[in-house]
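Observations on the three-dimensional arrangement
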Amino acid sequence: AELNVDQVVPSIGSKEIVAWLPIVFGLNASSTVAIPELAYPTYAVGALMAHAKYVTYKQASDIPDNADLIWVNSPSNPTGEVLTANQLKEIVARGRELSAPVVSDECYIEMGWESEPVSLFQVCDGDTSGILIVHSLSKSFNAAGYRAAFVAGDPALIASIREIRKHLGLIMPAPIQRAMTAAFAQPDDVANQKERYRARREKLARALISAGFEIAHSEAGLYLWATRGDNCWETVAWAAARGILVTPGDFYGVKGANFVRVALTASDDDIARAVDRLHS
């Protein structure tokens, strides 16, 4: 989508927006934030920072009537699940019904493997009212340390973000802004990085399956969501005994109790070592 200057604010990494947005929007102890049932913990932490409550949802109809802010994450961290255009439209419609902003964390959106992720901007028919997207260079350009990200969408919501942030000293340094502009001018860099991740993903997936794992979702993103049918902490210990670090699934919600998240972000050499250890 082509955006006007009043529809975009650069942010110091996407985590800044995820953590602080409930406070920026004036949420408080009587407010409720809706987050996916398996989700990056900072969505919940952001609600708690504002002293708000949070509830989890699987689909639009699960979002309660008292929701004041709705988070979307597709492709998902940790599961790699991709929401369809219809699912996203239903969430946007539910948000507008409740006058609750719908904010989509799209930092993995270029990393589609078995399905093509869809942005909120692709399902809103040009009407950004009540919606925002958050995007980061951390994953697509392998630039996590630069803290280069932005939030974009509804001009009224962007104006409220800009008004608060300027009083907090949350200003992205000009050299990083220029680096971000240069990066977006080189889309081939994203394609090259994606192919590196694709090769790692294929090797790790084969090794995990040969070691007795099942892989769920994982059709996009930088992780494999895998299970051996055991409690996630037993699987963490199993992997650790082989010198492999994985993340316990219950870190992301109770529905992840039998899963672990396996990242594709290690070096090629480390991925190769992990594959060898899974085969042993």
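Residues numbered from 1 in each chain as written. Predicted model: local features only at pLDDT ≥ 70, side-chain atom pairs only at ≥ 80, totals over all residues. Heavy atoms only, no water.

**Side note on unusual backbone geometry**
Leaving glycine out, the prevailing phi sign among residues is negative, and the prevailing peptide bond configuration is trans. For clarity, the threshold we go by: Starting at the N terminus, helices and strands are each numbered in turn, a helix being any DSSP run of H or I of at least four residues and a strand any DSSP run of E of at least two.
Here S74 and P75 are connected by a cis peptide whose omega angle stands at 0°. By secondary structure assignment, the location of P75 is in the loop between β4 (69-73) and α3 (85-98).

**Looking at the state of the cysteines**
What we call a disulfide is simply a covalent bond connecting the sulfur atoms of a pair of cysteines. We count it as follows: Defined by distance alone, a disulfide is two cysteine sulfur atoms within 2.5 Å.
In total, this model carries zero disulfides according to the counting rule given. There is no disulfide at C107, and the cysteine sulfur nearest it, in C124, is 19 Å away.

**Quick notes on the nonpolar core**
Side chains that are nonpolar tend, in soluble globular proteins, to be buried together. Convention followed: Throughout, nonpolar core names a set of buried Ala, Val, Leu, Ile, Met, Phe, Trp, Tyr and Cys residues whose side chains join them through atoms within 4.5 Å. Remark: exposure states derive from per-residue accessible area (1.4 Å probe, protein chains only) relative to the maximum for the residue type, with buried under 20%, exposed over 50%, and partly exposed in between. Note on definitions: a residue-residue contact is assigned when non-hydrogen atoms from the two residues lie within 4.5 Å.
Counting residues in each nonpolar core, the largest one holds 28 residues, and the members touching the most others are L204 and L278. For this core, the secondary-structure elements that each account for two or more residues are α7 (187-210), β9 (223-227), α8 (232-240), β11 (260-263) and α9 (268-279). Looking at this core, the element that brings in the most residues is α7, giving five residues. Ignoring any residue separated from it by four or fewer positions in sequence, one finds L204 in contact with L224, V262, A263, L264, I271, A274, V275 and L278.

**Some details on helix α6 (residues 174-184)**
In plain terms, the rule: Starting at the helix axis, one direction is taken to each C-beta atom, and the arc is that of these directions.
Buried within α6 we find I176, M180 and A183. Looking straight down α6, one finds that the buried residues subtend no more than 60° of arc, so they occupy a single side. Exposed residues lying more than 90 degrees from the buried face of α6 are P175, R178 and T181. Turning to α6, the residues buried within the fold contact β1 (8-12), α4 (137-140), β7 (148-153) and α7.

**Some words on the sheet that holds β1**
Here is the rule: Only when DSSP finds a minimum of two bridges between them are two strands counted as paired. Lines fitted to C-alpha atoms define the axes here, with helix axes fitted over just the stretch in contact, and angles between the N-to-C directions of these axes take values from 0 to 180 degrees.
Strand order in the open sheet formed by seven strands is β1-β7-β6-β5-β4-β2-β3, with mixed pairing between adjacent strands. Pairing within the sheet leaves two strands with one partner each, and these edge strands are β1 and β3 (53-57). Pairs of neighbouring strands in the sheet enclose a mean axial angle of 20°, with direction left out of account. Relative to β3, strand β2 (residues 32-36) runs parallel, the two being bridged by five bridges. Bridge pairing in β3 links V33 to Y54. Contacting β1, β6 (131-136) and β7, helix α5 (residues 155-165) crosses the sheet at an angle of about 40° to β1.

**Focus: the packing of helix α1 (residues 14-24) against helix α2 (residues 42-49)**
Helix packing for two helices is described by the angle between their axes and how far apart those axes are. Applied cut-off: By the definition used in this description, the sense in which the near helix is turned from the far one sets the handedness, with an anticlockwise turn below a right angle giving left-handed and a clockwise turn giving right-handed. Note that Gly is not counted as nonpolar here; it falls among the polar residues with everything else outside the nonpolar set of Ala, Val, Leu, Ile, Met, Phe, Trp, Tyr, Cys and Pro and the charged set of Asp, Glu, Lys and Arg.
The geometry of α1 relative to α2 is characterised by a closest axis approach of 7 Å and an angle of 35° between their N-to-C directions. α2 is crossed by α1, and the crossing has right-handed handedness. Taking contact as the criterion, the partners of K15, V18, A19, W20, P22 and I23 in α1 are, on α2, T42, Y43, G46, A47 and M49. Among the residues forming the contact of α1 with α2, the class breakdown is eight nonpolar, two polar and one charged.

**Overview of a nonpolar patch on the surface**
This is how the line gets drawn: Residues enter patches when they are more than 30% accessible in relative terms and free of salt bridges; like-charged ones are connected within 9 Å and nonpolar ones (Val, Leu, Ile, Met, Phe, Trp, Tyr) within 5 Å. Each accessible area value is a Shrake-Rupley result obtained with a 1.4 Å probe; residue values ignore everything except the protein chains displayed when judging cover. Any Lys or Arg side-chain nitrogen located within 4 Å of an Asp or Glu carboxyl oxygen qualifies as a salt bridge.
Nonpolar side chains collect at one region of the surface, where W20, I23, V45 and M49 lie side by side and expose about 310 Å² of accessible area between them. Listing elements by their share of the nonpolar patch, those giving two or more residues are α1 and α2. One can find I23 in helix α1.

**Side note on the pattern of salt bridges**
Close approach of charged atoms allows side chains with opposite charge to pair. Overall, the coordinates contain 11 salt bridges when judged by the stated rule. In this structure, E16 and R165 form a salt bridge, with 2.7 Å as the shortest nitrogen-oxygen distance. Within this pair, whereas E16 is found in helix α1, its partner R165 is found in helix α5, the two being separated by 149 residues in sequence. Judged by its relative accessible area of 6%, R165 is buried.

**Structural notes on the environment of L21**
Looking at the secondary structure, you find L21 in helix α1. Look at L21 and you get buried, because its relative accessible area is 1%. C-alpha of L21 to C-alpha of I161: the two residues are 140 residues apart in sequence and 7.9 Å apart in space. Other than its neighbours up to four places away in sequence, L21 contacts L69, W71, V103 and I161.

**Regarding the sheet that holds strand β10 (residues 247-248)**
Judged by pairing direction, the sheet is antiparallel, and its four strands sit side by side in the order β8-β9-β11-β10 without closing on themselves. Only two strands of the sheet have a single neighbouring strand rather than two, namely β8 (214-216) and β10. Sheet analysis places β9 next to β11, joined by four bridges and oriented antiparallel. Bridged to L224 within β11 is V262. Set on the sheet, α7 makes contact with β8, β9 and β11; between it and β9 the angle comes to about 5°.

The quantities given are spatial measurements derived from coordinates; they are silent on function.
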